[in-house]
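Descriptive analysis of the structure
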Amino acid sequence: MNKDLFLQAAPILQEIQDNGYEAYYVGGAVRDYLMDRPIHDIDITTSASPDEIEGIFTNTIPIGKEHGTINVVYNHENYEVTTFRAEGEYEDHRRPSEVIFVRDLYKDVERRDFTINAIAMDNQFNIKDYFNGYSDIQNKLIKTVGNPYERFNEDALRILRGLRFKSQLRFEIDSDAYKAMQEKIADTEYLSIERIIIELRKLLEGTDASIVYPLLNELQFFKYVPFFKSFNTSAIEIKDPIKLELLIAIMSFKQSSNISLSMLKISNDSKKKIQKYITLFNKLPDIKTKKALKVFVYDYGISTLSYILDMKDTLAANQIELGHPLIFNIESIDEINQNLIIRQRSDMMVNGKDILESLNQKGGPWLKDVLRNIECAIINQEIPNQKSEIINWVKTHVEI
Ligand code: ATP
Ligand code: MG
């Protein structure tokens, strides 16, 4: 089991204890450690108040002080140290705005979502497991801390988180919890789209996404989610873990809809990726020759194309066919990529201004087409990437 990250953080726990308070590792890191899975970030929970933590350590950042979280910078690493909290009243099935700091670990773990996430561990690697999370880990079971109806009623995101953990950890959902999910699923309507997207991404990228995605449909989850509610999500099939952007592109490509991506509040980068996949699907049927593949590799790049190839089972399940395997295969794409004469527009030895000057013309929509034709001709090695040669080619080939 990989103890490295815990050992690196151990002096922080020790320091807190030396000052007379309790401190534990908690949450995903403890769960993943006990499962012998890779650990990413370590969360520390403590009986010390945020002010007391700031008093103990010299280098701190109050990133979420009102919620009890102080970042402690130690050996150039950031550690989130959060004061034991009990949660106040829930409103609208979302997380409460009010935060109550407490001195009792039990109260803190009692408000956590699942038993597997409610295990605390001290710097001697002793666990405090009030809700038998360790036995649920061994039985591969996702069970809420306490009554699932109440816990999902308090915060409907837990429904999606439970499904996300099933996908990532390949666990089963306890049958009472699943029944409660069925009953409370409509409350996901109250959640912010940002919180949904964070969990949905993790769910879709989880090992068992192909099993959990149909459960989302069975629960009719997407009915309550902006954007997705406009699609027949049951008609889409997932064969492997998938990036959110690719799933959205498949849906949009298969079931054209006018609904705007802006409802999802995802980054512009994500939106661009989705558009890129959609144009790619539209062009795929035209990739019948090596020559066509060259420009395709230039336009979409090897990382996107190799990802698309990795996802061919899911694409095929949704009737999106890749080109013939003799043409569209990773070896050909790799070879073309290594030998590309230019990789981007700016690698061309001429720009729009050069063209206008050489033809003595004013700009217009035609210029875009000319630049694209030059670009393709260079990629296909019909003209060398040299200014004088390109200008000559333009003069003989372009009619305005
Ligand atoms: P990951 O490995 O993906 O980070 P995680 O279990 O650490 O998984 P986080 O979202 O980082 O998940 O949350 C940290 C911990 O906070 C959880 O393990 C759980 O104890 C608690 N938690 C997070 N979200 C909720 C919630 N909505 N309701 C109750 N407890 C929660
Ligand atoms: Mg975490």
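To be clear, the structure that these remarks concern was listed above.
Overview of the structure. (Residues numbered from 1 in each chain as written. Chains lettered and ligands numbered in written order. Predicted model: local features only at pLDDT ≥ 70, side-chain atom pairs only at ≥ 80, totals over all residues. Heavy atoms only, no water.)

A look at the overall build of the protein
To keep things clear, this is the line we draw: Helix and strand labels come from DSSP, where a helix needs a run of H or I of at least four residues and a strand needs a run of E of at least two; each type is numbered from the N terminus. Three labels apply to residues, based on accessible area from a 1.4 Å probe with only protein chains included: buried if under 20% of the type maximum, exposed if over 50%, partly exposed otherwise in between. Contacts are assigned to residue pairs that have any heavy atoms within 4.5 Å of one another. All accessibility values rest on the Shrake-Rupley procedure with a 1.4 Å probe; residue burial counts only the protein chains present in the view. Counted as positive: Lys and Arg. Counted as negative: Asp and Glu. His and the chain ends are not counted at all. The atoms used to mark charge sites are NZ of Lys, CZ of Arg, CG of Asp and CD of Glu.
Helix and strand counts for the protein come out as 19 helices and 11 strands. Referenced to the eigenvectors of the C-alpha coordinate spread, the extents of the protein come out at roughly 85 × 50 × 40 Å. Taken over 400 residues, the protein has a buried fraction of 50%. Taking the intrachain contacts of the protein between residues at least 6 apart in sequence as the baseline, contacts between residues at least 24 apart amount to 66%. For the protein, the computed accessible surface area is about 20,000 Å², with 45% contributed by carbon and sulfur atoms. For the protein, the separation between the mean place of its 49 positive charges and that of its 60 negative charges on side chains is 6 Å.

Considering the site of ligand 1
The following threshold applies: By convention in this text, a residue qualifies as near a molecule or strand provided that one of its non-hydrogen atoms is within 4 Å of it. Any residue outside Ala, Val, Leu, Ile, Met, Phe, Trp, Tyr, Cys, Pro, Asp, Glu, Lys and Arg is labelled polar, Gly included; the first ten of those are nonpolar and the last four are charged. What counts as a domain boundary in this text is fixed by an automatic or database domain assignment.
Of all residues adjacent to ligand 1, which total 16 residues, the nearest are Arg-31, Asp-155, Arg-158, Arg-161 and Arg-164. Notes on ligand 1: free accessible area 590 Å², of which the protein chains cover 83%. Elements that contribute at least two residues to the shell around ligand 1 include exactly helix 2 (28-34), helix 7 (157-169) and helix 9 (193-205). Looking at the shell around ligand 1 element by element, the count peaks at four residues for helix 7. Across the shell around ligand 1, the residue classes tally to one nonpolar, four polar and 11 charged. When residues of the shell around ligand 1 are assigned to domains, at least three fall in each of domain 1 (1-136) and domain 2 (140-225).

Here's the deal with helix 1 (residues 4-18)
Where we set the bar: For a helix, the expected span equals 1.5 Å multiplied by the number of residues minus one. Across the chain, bend at a residue is computed as the angle between axes fitted to the seven residues ending at that point and the seven starting from it.
In this model, helix 1 (15 residues) spans 22 Å end to end at C-alpha, consistent with the 21 Å of a helix rising 1.5 Å per residue. Remark: the principal bend of helix 1, roughly 40 degrees, maps to Ala-10, with a proline, Pro-11, within the next four residues. Where helix 1 is concerned, the buried positions are Phe-6, Ala-9, Ala-10, Ile-12, Leu-13 and Ile-16. Directly beyond the C-terminal end of helix 1, a positive phi value near 95 degrees is found at Gly-20.

Quick word on the pairing of strand 2 (residues 43-46)
Put simply, the rule reads: If DSSP finds at least two bridges between two strands, the strands pair.
Pairing analysis gives four bridges linking strand 1 (residues 23-26) to strand 2, with the strands arranged antiparallel. Residue pairing for strand 2: Val-26 is matched across the bridge by Asp-43. In this structure, strand 2 lies alongside strand 5 (residues 77-83), joined through four bridges in parallel fashion. Across the sheet, the residue bridging to Thr-45 is Thr-82, located in strand 5.

Some remarks on the pattern of salt bridges
The following threshold applies: Any Lys or Arg side-chain nitrogen found within 4 Å of a carboxyl oxygen on Asp or Glu counts as a salt bridge.
Counting across every chain of the model gives 28 salt bridges. For Glu-199, the salt bridge goes to Arg-161, with nearest N and O atoms at 3.0 Å. Residue Glu-199 is located in helix 9, and its partner Arg-161 is located in helix 7; the two are separated by 38 residues in the primary sequence. On the basis of relative accessibility, which here comes to 4%, the residue Glu-199 falls in the buried class.

Thoughts on the pairing of strand 4 (residues 69-74)
Sheet topology note: the strand 3 (residues 60-64)/strand 4 ladder contains three bridges and is antiparallel. Paired with Gly-64 across the bridge in strand 4 is Thr-69. Between strand 3 and strand 4, which follow one another and run antiparallel, lie four residues, and Gly-68 among them has a positive phi close to 100 degrees. Taken together, the six bridges between strand 4 and strand 5 define a ladder with antiparallel strand orientation. Residue pairing in the sheet places Val-72 in a bridge with Tyr-79 of strand 5. Linking strand 4 to strand 5, which pair antiparallel, is a turn of two residues; within it Asn-75 sits at a positive phi near 50 degrees.

So, the packing of helix 7 against helix 10 (residues 209-218)
The line we're drawing: Here an axis means a line fitted to C-alpha atoms, over the contact stretch when the element is a helix, while the angle between two N-to-C directions is reported on a 0 to 180 degree scale. Reported orientations rely on four angle classes, namely roughly parallel under 35 degrees, roughly antiparallel over 145, roughly perpendicular from 65 to 115, and oblique for the rest. A clockwise turn of the near helix away from the far one marks a right-handed crossing, whereas an anticlockwise turn of less than a right angle marks a left-handed crossing.
Running from N to C, helix 7 and helix 10 point in directions that differ by 155 degrees, and their axes come no closer than 8 Å. Taken together, the axes of helix 7 and helix 10 are roughly antiparallel relative to one another. Taken as a pair, helix 7 and helix 10 cross one another with a handedness that is right-handed. Contact residues: helix 7 offers Leu-160, Leu-163, Lys-166 and Ser-167, while helix 10 offers Ala-209, Ile-211, Val-212, Leu-215 and Leu-216. Looking at the contact of helix 7 with helix 10, its residues break down into seven nonpolar, one polar and one charged.

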